[in-house]
Each structure stands twice: as C-alpha cells, then as structure tokens.
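Architecture and fold: a report
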Amino acid sequence: WQTHLPWIDAISRLKKQRNAVILAHNYQPPEIYHTISDFTGDSLALAQQATRTEADVIVQCGVHFMAETSKVLNPGKTVLIPDTGAGCSLAESITADDVRLLKAKYPGVPVVTYVNTSADVKAESDVCCTSANAVHIVESLGVERVIFLPDKYLGQYVASKTNVKIILWEGSCEVHERFTGEELRAYRRAHGGVRILAHPECPPDVLREADFVGSTAAMITHLNERRPRRVVMITECSMSDNVAVEFPDIEFTRPCNLCPHMRRITLPRIHDALLHLRHEVHVDPAVAQGARRAVERMLAFGR
Ligand code: 13P
Ligand code: SF4
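Residues numbered from 1 in each chain as written. Chains lettered and ligands numbered in written order. Predicted model: local features only at pLDDT ≥ 70, side-chain atom pairs only at ≥ 80, totals over all residues.

Here we look at helix H14 (residues 285-301)
Given a rise of 1.5 Å per residue, 17 residues ought to cover 24 Å, and the 24 Å separating the end C-alpha atoms of H14 matches this to within 8%. What H14 keeps buried is the set Ala288, Ala291, Arg292, Ala294, Val295 and Met298. On its buried face, H14 sits against helix H3 (43-50), helix H4 (64-73), strand E5 (111-114), helix H6 (119-123), strand E6 (127-129) and helix H7 (134-140). (Helix = DSSP H or I, 4+ residues; strand = E, 2+ residues; numbered from the N terminus. Expected span 1.5 Å × (residues − 1). Buried ≥ 20, exposed ≤ 12 C-beta atoms within 10 Å, placed from the backbone. Contact = placed C-beta atoms within 7 Å.)

The structure is reproduced here in structure tokens:
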C-alpha cells in the first residue's frame, strides 16, 4: 500500500481538476476498487451509473466494451480507458458481420446480446442483457426463440432456466471456462461446509456443483442475505479480495483465475489517463445510436 498512496493522492487531485468520475468493475484490484473509484459494480450497475453522472470525464476501470457502453450512453462526455489493450475474449468472439449472417439464417428471431460485446455487435442486436438479468430479458420478449450471443455457457445457463428456445454462439470467457466441476468437489472435501458461488460464464459442470449461480453483484447480495461462514467465489480473483474487506466475518477460500485484461488497468495508467486525457474511446455515431437502443431497451426491462 505504501507504493500505492502517492498514486492515489495524485489521481484524487486530477479527478477534481478534470471533473472526472472513476467507474470500477468488481474485478478491479482493491487498490483501485476501494480507494479512487466513485462507483463500483457489475456490468449492469456501471452501465446504469454511466447514465447518471454529471461529470465531464468518465474513466472506465474495466475492459474496452465497458468503456464503449459508457460512451454510447454518454455521447457528449469524454470517456477514457487507461489501457487500450484491455479487451475481452467474449467481445472478441463475434463481429457485426457474424450477427448479420445469423439474422439472415433465422429471420425474425430476436437477437439478445450480452453486454460483453463491441458497440458494433450491440448495434445489430434487438436488446442487450447482463449476467444479472439474462433470463429476465429473454423472457420479457415474449417469443418462443431467441438468438443469444456470444457466451455459450451463459446461454446454456439461461436455457436451463426458461422454456424459450435458445440459439447459441460459440463464445466463452477465457477466465471462467478454466474452472472445472472436479475442482469444486475438491474444495468441498477440503473445506467442510463451504458455500460455493459461481458466475454463469462458467461451464455447466461447474454450475451444477455450485450452491448459488449469479452475476458479481448477485454474489455480493447473496453474501449479505445468507452470511455463510465459509465461501468460495468461482470467478475472477479480485472479486474475493474486494468482497473479503466488506465481510470480515466470512472466511474466503481463494481459488480464482485472473483476467489478464482487467489487470492492465493500474494506478499509474489511471493517473496518466487523467493527466493526458487518454485513451479516449470513440464510437461511430450511427453505431452508437443502434447500440444505445439495445442497451436502453435492456435498462427499460429492469433487472
Ligand atoms: P458481471 O459483472 O456482469 O457479472 O460480469 C462479469 C464479467 O465477466 C465482466 O467482464
Ligand atoms: Fe471478458 Fe472474462 Fe475478462 Fe470478463 S473476465 S472481461 S468476460 S475475459
């Protein structure tokens, strides 16, 4: 923490000078999440927060698709991402051309797109969803079939919770796909009475083994409501680090996988982003309009 403090001070000063807000995803490390961020949350909460800010500048501490979503919802504001290499294997698994081909193959079938996608892909979609509201959004459309993009595991999870037929895409999260059901069984054997919380981007054998499946925000709500004694969070590493600070009475076992993209966001890079107003995120206005329609339709459906 000694090495972090000068950066935290300098960032706090620059934030005031620039009239900036810092949005930090739940997967950001504690030195960002618990210090300089103005808002923290899952992808849905950050998207909602982006619509409410009065600031001139938004610094997105997360990955590129999140910064694009903030820009789409705030076309008049300067949106910065501290490292342009902060991508996402899900967002990179599909292009707007792929979506157009799918729509031609399944005419009239609505396209529900996970927010972990580029603005180009969102613009081709009927409505967005997050891991927190995917089942709700799919059912709210009142149709028999949907195309669900791009996470096959989240799509399979949604399919297991609804009668709506789900047409899947082959995308996956490079962080969550590495967990296995066997790993979870080993935690149960090693840590008696442990409660296992898993993100729906995990493969089906992992989700079958978990006690609770939900988005990063839903996991926090679950801990608040249930107060288990021992917990394993099957998701990105920083999640447990951040949450453990808020729940000192819970014992966290820390098996986790790192998201290399989230790790690209560091205090020095946030500092430089505010100092030099870089790296500004631009979205073509026509694309932004289409993407905004899909995101706003999701927000209108509610959580
Ligand atoms: P949520 O925060 O919406 O659960 O998403 C997890 C994720 O992988 C974001 O990149
Ligand atoms: Fe993308 Fe997975 Fe990293 Fe989230 S954890 S940003 S879904 S690669």
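Moving on, there is more to tell.
A closer look at the domain arrangement of the protein chain
Under the domain assignment used here, the protein chain contains domain 1 (4-87 + 262-282), domain 2 (91-174 + 286-301) and domain 3 (176-253). Taking only C-alpha atoms, the centre of domain 1 and the centre of domain 3 are 27 Å apart. Here the side of domain 1 that touches domain 3 is composed, by residue class, of six nonpolar, four polar and one charged. (Domains from an automatic or database assignment. Nonpolar A, V, L, I, M, F, W, Y, C, P; charged D, E, K, R; others polar.)

Some words on the sheet that holds E6
Reading across the sheet, the four strands line up as E6-E5-E7-E8 and stay open at both edges, with parallel pairing between neighbours. Of all strands in the sheet, those with a lone pairing partner are E6 and strand E8 (165-167), marking the two edges. Between one strand axis and the next, the sheet turns through 35° on average, direction left out of account. As paired strands, E5 and E6 are joined by three bridges and run parallel to one another. (Pairing = 2+ DSSP bridges. Axes fitted to C-alpha atoms, helices over the stretch in contact; angles between N-to-C directions.)

Some details on the sheet that holds strand E2 (residues 39-41)
Strand order across the open sheet formed by four strands is E2-E1-E3-E4, with parallel pairing between neighbours. Two strands bound the open sheet, and with one partner strand each, they are E2 and strand E4 (78-80). Adjacent strand axes in the sheet meet at a mean angle of 20° when their direction is disregarded. Inspection of the sheet shows strand E1 (residues 20-25) paired to E2 by three bridges, in the parallel sense. In the sheet register, His25 faces E2, and the bridge partner there is Gly41. Across the sheet, H4 is in contact with E1, strand E3 (57-61) and E4; its angle to E3 comes to roughly 155°. Of the strands in this sheet, E1, E3 and E4 are in contact with helix H13 (residues 267-276), which crosses E3 at around 160°.

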